[in-house]
Amino acid sequence: NGSSNLKLGIVFLTQTGVGILGNSLLLCLYIFTSLTRHMLRPTDLILIQLVLANNLVLFHTGVPRTMAAFGLKSFLNDAGCKLVFYFHRVARGVSLSTTCLLSGFQAIKLHTNTSKWLELKVTFPKCFGFCCFLCWILHLLSNIFITLHVTGPRKNKNMSVGKIYEYRNSPIPNKFVVLLHAVMFSFIGVTCLGLMAWSSGSMVSVLLRHKQQVQHIHSNRLPPKPSHEAGATHTILALVSICISFCFVSFILSLWVTLIVNPSHWLMNISALASSGFPTFSPFVLLGSDTVPLSFSLLLGKKN
């Protein structure tokens, strides 16, 4: 009814607005850093890409969903539906891959006990530009399937032809094509989540060993101050935990929506909210940590 749609529209509008505001603020901080000629850290390029991908996810999910909830249904034509859903899937994939890249690099930074890890620690940052470019190319190409099987609203809304969504119509393609596409995306997603789980476990293991060593050395002294590296690791661990949690919930809900012939509005809306959860909360995890650019911290220090 109208009341529930209004409440739903407010929820989508709030989530989208807060998420875009947080990501845009973080992006402005990095731009400010580059303009004031402070050296960007190796991970800043990855973080900038993460912020851009998160904003794309929110824009291509939250804005159409908000408009649909406020009653503007079937407002996208065929090309609009293709572009919205295509860039939403591309941005989600880039966001996931970028978070995986960030956690992997942090795990490598903590492993300095062998020459191979030290060599990889030095050479890996030099490949960041290529890795970021590869993320976009991979997901731009793998999601071309979306443009072939997502169409705009049709006059003949026969539910036997396909699933009618609030602002797009998604015909049911050949089962083999669906299976092939599902396997490909599952492989990419499971690989990224597996690497993030491995890197997170590795970082936790290193931090625990380091904490035990420090406690042993400083058993009769004042407790040492937490290091910058430990703070950055805790931030990335929090980021990865949020990413894995929302990805798991979103995957379950998306699978549920796909398998049901006529999914209900509330199920599709909850699935959309879950898919935008990580892009909404991740910038505030970064803003509350020491990953914020140094020049902005110096600016605040001067004002205070």
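Calculation criteria
- Residues numbered from 1 in each chain as written.
- Predicted model: local features only at pLDDT ≥ 70, side-chain atom pairs only at ≥ 80, totals over all residues.
- Heavy atoms only, no water.
- UniProt positions renumbered as here; feature names shortened; annotations may be inferred.
- Helix = DSSP H or I, 4+ residues; strand = E, 2+ residues; numbered from the N terminus.
- Contact = heavy atoms within 4.5 Å.
- Areas by Shrake-Rupley, 256 points an atom, 1.4 Å probe, with all protein chains shown as cover.
- Phe/Tyr/Trp six-rings, centres within 6.5 Å; stacked < 30°, edge-to-face > 60°.
- Buried < 20%, exposed > 50% of the residue type's maximum accessible area, 1.4 Å probe, protein only.
- 1 Å grid on protein atoms, 1.4 Å probe; cavity = no way out; pocket = protein on both sides within 12 Å on 5 of 7 lines; lining within 4 Å.
- Points joined across faces, edges and corners; volume = space filled by probe spheres on them.
- Nonpolar A, V, L, I, M, F, W, Y, C, P; charged D, E, K, R; others polar.
- pLDDT = per-residue confidence, 0-100.

- The name that an unreviewed UniProt entry assigns to the chain is Vomeronasal type-1 receptor, with the source organism given as Lynx pardinus.
- The Subcellular location (unreviewed entry) field of the UniProt record for the chain holds the comment "Cell membrane".
- As stated in UniProt under Sequence similarities (unreviewed entry), the record for the chain gives "Belongs to the G-protein coupled receptor 1 family."

Some details on the overall build of the chain
Thinking step 1. Each helix and strand counted, the chain has 11 helices and 2 strands in total.
Thinking step 2. At a minimum sequence separation of 6, the contacts of the chain that also span at least 24 residues come to 81%.
Thinking step 3. For the chain, the exposed area adds up to about 16,700 Å²; of that, 71% sits on carbon and sulfur atoms.

Re the packing of aromatic side chains
Thinking step 1. Counting across every chain of the model gives 3 aromatic pairs.
Thinking step 2. Between Y86 and F87, the aromatic rings sit 5.2 Å apart at their centres with planes inclined by 70°, giving edge-to-face as the arrangement.
Thinking step 3. The buried category is assigned to Y86, whose relative accessible area is 11%.
Thinking step 4. Relative to F281, the ring of F246 has its centre 5.9 Å away and its plane inclined at 15°; by these criteria the two rings are stacked. Of the two residues, F246 sits in helix α8 (residues 228-259) while F281 sits in helix α10 (residues 277-287), which places them 35 residues apart along the sequence.
Thinking step 5. What makes F281 partly exposed here is its relative accessible area of 44%.

Some remarks on the layout of surface pockets
Thinking step 1. As a volume, the second largest pocket reaches approximately 420 Å³.
Thinking step 2. In terms of lining residues, the second largest pocket is bounded by 17 residues, among which S97, C100, L101, C192 and L195 are the most central.
Thinking step 3. Broken down by secondary-structure element, the contributors of at least two residues to the lining of the second largest pocket are α3 (78-110), α5 (128-142) and α7 (175-217).
Thinking step 4. Of the residues contributing to the lining of the second largest pocket, the split by class is 14 nonpolar, 3 polar and no charged.

Remarks on the confidence of the model for the chain
Thinking step 1. Of the residues in the chain, 71% have a pLDDT of 70 or more, and the chain-wide mean is 76.
Thinking step 2. Strand β1 (residues 162-164) is the least confidently modelled element of the chain, averaging 40 in pLDDT, while α10 averages 91, the highest of any element.
Thinking step 3. Per-residue pLDDT stays below 50 along residues 155-167; that stretch engages in 39 contacts with residues further than four places along the chain or on separate chains.
Thinking step 4. Within the model, the stretch residues 294-304 combines pLDDT values under 50 with 9 contacts to residues more than four positions away or in other chains.

Here's the deal with the UniProt feature "transmembrane region" (unreviewed entry) in the chain
Thinking step 1. The sites that UniProt annotates as "transmembrane region" (unreviewed entry) are residues 12-33, 45-63, 128-150, 176-198 and 236-261.
Thinking step 2. Between the C-alpha atoms that bound residues 12-33 there is a distance of 32 Å. The span itself is 100% helix and 0% strand.
Thinking step 3. With 100% helix and 0% strand, residues 45-63 has its two end C-alpha atoms placed 27 Å apart.

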